[in-house]
Amino acid sequence: MISHPTAAELSEAIAAFEAEPAIPGDARQAFLARVTDNARATLAREAEHGARLEAEAVERLTKLMGETGDYAALNAKLCDALHEGAINPLNPILLAHLRATAIGQIAIDQPTYGGLAALLDG
């Protein structure tokens, strides 16, 4: 479900940081270590929830688009349909899909976001 940066890009960045020699007391390296820890946590949440969230998105997109396919293909078709005006941007099914997709992405990327609980309750 992670779109940017991808899970592979996060993994590469973590590996690159870990390949650097540690410099005790370096503020920049301490900051990058915190960023790396956050990237690891994001990857763990992606591994735990990503496949389910993507499957749910495919199910919603299939209903909305009336077609089958994988997430990337259906999402591209949705973007094209919106660009061409073939789907009303106020379509309740579209809005529900966008809301659910955004909430899922926030749960992976920013699980401590203050508004997430309200979004999940709403």
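The structure this text deals with has already been given above.
A quick note: this is a predicted structure, and the numbers were derived from the prediction, not measured.

(A) Quick look at the overall build of the protein chain. Regarding its fold elements, the protein chain presents five helices and zero strands. Tracing the protein chain from N to C terminus, the helices and strands come up as α-α-α-α-α. In terms of overall dimensions, the protein chain is more spread out than a globule: its C-alpha atoms have a radius of gyration of 18 Å, far above the 14 Å expected for 122 residues. Counting every position in the protein chain, which comprises 122 residues, the buried fraction comes to 26%. Carbon and sulfur atoms form 60% of the exposed surface of the protein chain, whose accessible area is close to 7,900 Å². Computed over 9 positive and 17 negative side-chain charges, the inter-centroid distance for the protein chain is 6 Å.

(B) Quick look at the pattern of salt bridges. For the structure shown, the criterion picks out four salt bridges. With a shortest N-O distance of 2.2 Å, Arg40 and Glu18 are connected by a salt bridge. On the criterion of sequence distance, the pair formed by Arg40 in helix α2 (residues 27-65) and Glu18 in helix α1 (residues 7-19) is long-range, its members being 22 residues apart. Assessed through its relative accessible area of 35%, Arg40 is described here as partly exposed. Residue Glu56 pairs with Arg52 through a salt bridge whose shortest N-O separation is 3.2 Å. Residue Glu56 and its partner Arg52 are both found in helix α2; the two are separated by four residues, about one turn of the helix. Residue Glu56 is classed as partly exposed on the basis of its relative accessible area of 32%. Here the salt bridges do not stand alone but share partners, grouping Glu18, Asp37 and Arg40 into one network.

(C) Representation of helix α3 (residues 71-84) in the model. With 14 residues, α3 ought to run about 20 Å at 1.5 Å a step, and its terminal C-alpha atoms sit 20 Å apart, in line with that. Regarding α3, the residues found buried are Tyr71, Leu74, Leu78 and Ala81. An end-on view of α3 places all buried positions within 95° of arc, on one side of the element. Seen from the buried face of α3, the exposed residues on the opposite side, beyond 90 degrees, are Ala72, His83 and Glu84. Buried residues belonging to α3 abut α2 and α4 (92-109). Where α3 terminates, the next one or two residues include Gly85, which has phi positive at roughly 80°.

(D) Representation of the packing of α2 against α3 within the structure. Orientation of α2 relative to α3, taken along the N-to-C sense of each, is 40°, at an axis distance of 9 Å. Here α3 runs oblique to α2, going by the angle between their axes. Handedness of the crossing formed by α2 with α3: left-handed. Every residue of α3 that contacts α2 at Glu54, Ala57, Val58, Leu61, Thr62, Leu64 and Met65 is listed here: Tyr71, Leu74, Asn75, Lys77, Leu78 and Ala81. Taken together, the residues of the contact of α2 with α3 sort by class into nine nonpolar, two polar and two charged.

(E) Representation of the nonpolar core within the structure. Residues Ala57, Val58, Leu61, Leu64, Met65, Tyr71, Leu74, Leu78, Ala81, Ile87 and Leu94 constitute the largest nonpolar core, which totals 11 residues. Mapped by element, the contributors of at least two residues to this core are α2 and α3. Per-element tally for this core: the top contributor is α2, with five residues. Apart from the residues lying within four places of it in its own chain, the contact partners of Tyr71 are Glu54, Ala57, Val58, Leu61 and Thr101.

So, how was this worked out
Residues numbered from 1 in each chain as written. Predicted model: local features only at pLDDT ≥ 70, side-chain atom pairs only at ≥ 80, totals over all residues. Heavy atoms only, no water. Helix = DSSP H or I, 4+ residues; strand = E, 2+ residues; numbered from the N terminus. Rg over C-alpha atoms; globule rule 2.2 N^0.38 Å. Buried < 20%, exposed > 50% of the residue type's maximum accessible area, 1.4 Å probe, protein only. Areas by Shrake-Rupley, 256 points an atom, 1.4 Å probe, with all protein chains shown as cover. Lys, Arg positive; Asp, Glu negative; His and termini not counted. Charge placed at Lys NZ, Arg CZ, Asp CG, Glu CD. Salt bridge = Lys/Arg side-chain N within 4 Å of Asp/Glu carboxyl O. Expected span 1.5 Å × (residues − 1). Arc of directions from axis to C-beta. Contact = heavy atoms within 4.5 Å. Axes fitted to C-alpha atoms, helices over the stretch in contact; angles between N-to-C directions. Parallel < 35°, antiparallel > 145°, perpendicular 65-115°, else oblique. Left-handed = near helix turned anticlockwise from the far one by under 90°. Nonpolar A, V, L, I, M, F, W, Y, C, P; charged D, E, K, R; others polar. Core = buried A, V, L, I, M, F, W, Y, C linked by side-chain atoms within 4.5 Å.

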